[in-house]
Amino acid sequence: MSEEKPKTFVVIGLGVFGNQIVRNLSKYNVDIIGIDKDEKKVEEVKDHLKIAIIGDATDTSQLEQAGVNAQDVDVAIVAIGENVEVNVYVSLLLKELGIKKVFSRAVNDQHANILAKIGVDKVVFPEGYVAKHLVSSLLSPKVLDMFSFSDEYSVIEVSSPKMFVNKMLQELGVRTKYNVTVIGIKRKIPIIDEAGETDTKEEIIFVPSPDEEILEGDVLIVVGKNQDIEKFKKVIG
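Just so you know, these numbers come straight off a predicted model, no measurement behind them.

A. View of the packing of helix 4 (residues 84-96) against helix 5 (residues 109-117). Running from N to C, helix 4 and helix 5 point in directions that differ by 15 degrees, and their axes come no closer than 10 Å. Here helix 4 is positioned roughly parallel relative to helix 5, judged by the angle of their axes. With respect to the hand of their crossing, helix 4 and helix 5 are arranged in right-handed fashion. Contact residues: helix 4 offers Val84, Asn87, Val88 and Ser91, while helix 5 offers His111, Ile114 and Leu115.

As structure tokens, then:
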């Protein structure tokens, strides 16, 4: 059986935040393309990159020459922080190139709103979002969101894995087996709208009871110590 092709990430902007992203990604079986106009910044992480580019990411032709396209790149991370205009422009270019997922750094709420409006998949405030947690969530397809509320504990939202579906929480023994706690469940509920059409609305079950059954499509809100969260993520895939 052939090995699964490693995911390809492009990191644009190799300052402090971009540098951390590259170093954390390089711990996993992934291919990384790094781009920055500053030769020194590229040099600092070149050993962690499959392709190291000293160039201008606002130039579509340079992106294409670096292999940044919808077919070959799975995730693009725009880590540029010093120039908001360039950050937004590069993020838009990546969306227009059809990159599957684009994560972009924001420096303030106004910047974040602009990024959201152009269709960026996730806006990141690096001051409050540790690089290793971003990498961790990128590499775990079940993880929809993750944030830390202390140095020791994190909360994640995960799509219910197949092995959990149609089983009760007490049957799964999440707390006993993985030392993490399901503190909530997001669930789509079918409704009939005002026009008589079938629709869905999201409800959140806070502190679900042990006999709550996990349904297909549920999103689990899970809390635990960082090391236990990491182990849990590996189990669910």
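Having seen it, we continue.
B. Examining the sheet that holds strand 4 (residues 75-78) more closely. Taken in spatial order, the 6 strands make up an open sheet running 3-2-1-4-5-6, and their pairing is parallel. The sheet is open, and its two borders are formed by strand 3 (51-54) and strand 6 (122-124), each paired with just one other strand. Put simply, the sheet's adjacent strands are angled 15 degrees from each other on average, direction ignored. Strand direction decides the pairing type here: strand 1 (residues 7-12) and strand 4, joined by 4 bridges, are parallel. What sits directly across from Val11, in strand 4, is Ile77. Contacting strand 1, strand 2 (30-36), strand 4, strand 5 (101-105) and strand 6, helix 1 (residues 16-25) crosses the sheet at an angle of about 165 degrees to strand 1.

C. View of the pairing of strand 9 (residues 181-192). Pairing geometry for strand 9 and strand 11 (residues 219-225), over 5 bridges, is antiparallel. Residue pairing in the sheet places Lys186 in a bridge with Val219 of strand 11. Bridge count between strand 9 and strand 10 (residues 198-206): 9 bridges; the pairing is antiparallel. Its bridge partner being in strand 10, Ile191 is matched across the sheet by Asp199. Hairpin connection, strand 9 to strand 10: the antiparallel pair is bridged by 5 residues, and Gly196 has positive phi, about 85 degrees.

D. Fine view of the pairing of strand 3. Of the pairings in the sheet, the one linking strand 2 to strand 3 comprises 4 bridges and is parallel in character. For Gly34, the partnering residue across the bridge sits in strand 3 and is Ala52. For the segment spanning strand 2, helix 2 (residues 39-45) and strand 3, crossover handedness is right-handed.

E. Geometry of the pattern of salt bridges. Following the criterion strictly, the structure yields 8 salt bridges and no others. Between Asp74 and Lys100 there is a salt bridge, with its nearest N and O atoms 3.9 Å apart. Of the two residues, Asp74 is situated in the loop between helix 3 (60-65) and strand 4 and Lys100 in the loop between helix 4 and strand 5; the sequence distance between them amounts to 26 residues. The salt bridge partner of Glu212 is Arg187, with a shortest N-O separation of 3.1 Å. Here the residue Glu212 occupies a position in the loop between strand 10 and strand 11, and Arg187 occupies one in strand 9, the gap between them amounting to 25 residues. With relative accessibility at 9%, the residue Arg187 sits in the buried group. Among the charged side chains, a network of salt bridges with common partners joins Arg187, Glu212 and Asp218.

F. How the structure looks around the environment of Ile99. Summarising the element assignment, Ile99 is placed in the loop between helix 4 and strand 5. Other than its neighbours up to four places away in sequence, Ile99 contacts Val68, Asn69, Ala70, Val73, Asp74, Val75, Ala76 and Leu94.

G. Spatial organisation of unusual backbone geometry. Positive phi, close to 65 degrees, is recorded for Asn166, a residue that is not glycine. Position of Asn166 among the secondary structure elements: in the loop between strand 8 (153-159) and helix 7 (169-172). Since its relative accessible area comes to 53%, Asn166 is described here as exposed. You will see that Asn179, though not glycine, has its phi angle at about 65 degrees, which is positive.

What counts and how
Residues numbered from 1 in each chain as written. Predicted model: local features only at pLDDT ≥ 70, side-chain atom pairs only at ≥ 80, totals over all residues. Heavy atoms only, no water. Axes fitted to C-alpha atoms, helices over the stretch in contact; angles between N-to-C directions. Helix = DSSP H or I, 4+ residues; strand = E, 2+ residues; numbered from the N terminus. Parallel < 35°, antiparallel > 145°, perpendicular 65-115°, else oblique. Left-handed = near helix turned anticlockwise from the far one by under 90°. Contact = heavy atoms within 4.5 Å. Pairing = 2+ DSSP bridges. Right-handed = clockwise from strand over helix to strand, strands pointing away. Salt bridge = Lys/Arg side-chain N within 4 Å of Asp/Glu carboxyl O. Buried < 20%, exposed > 50% of the residue type's maximum accessible area, 1.4 Å probe, protein only.

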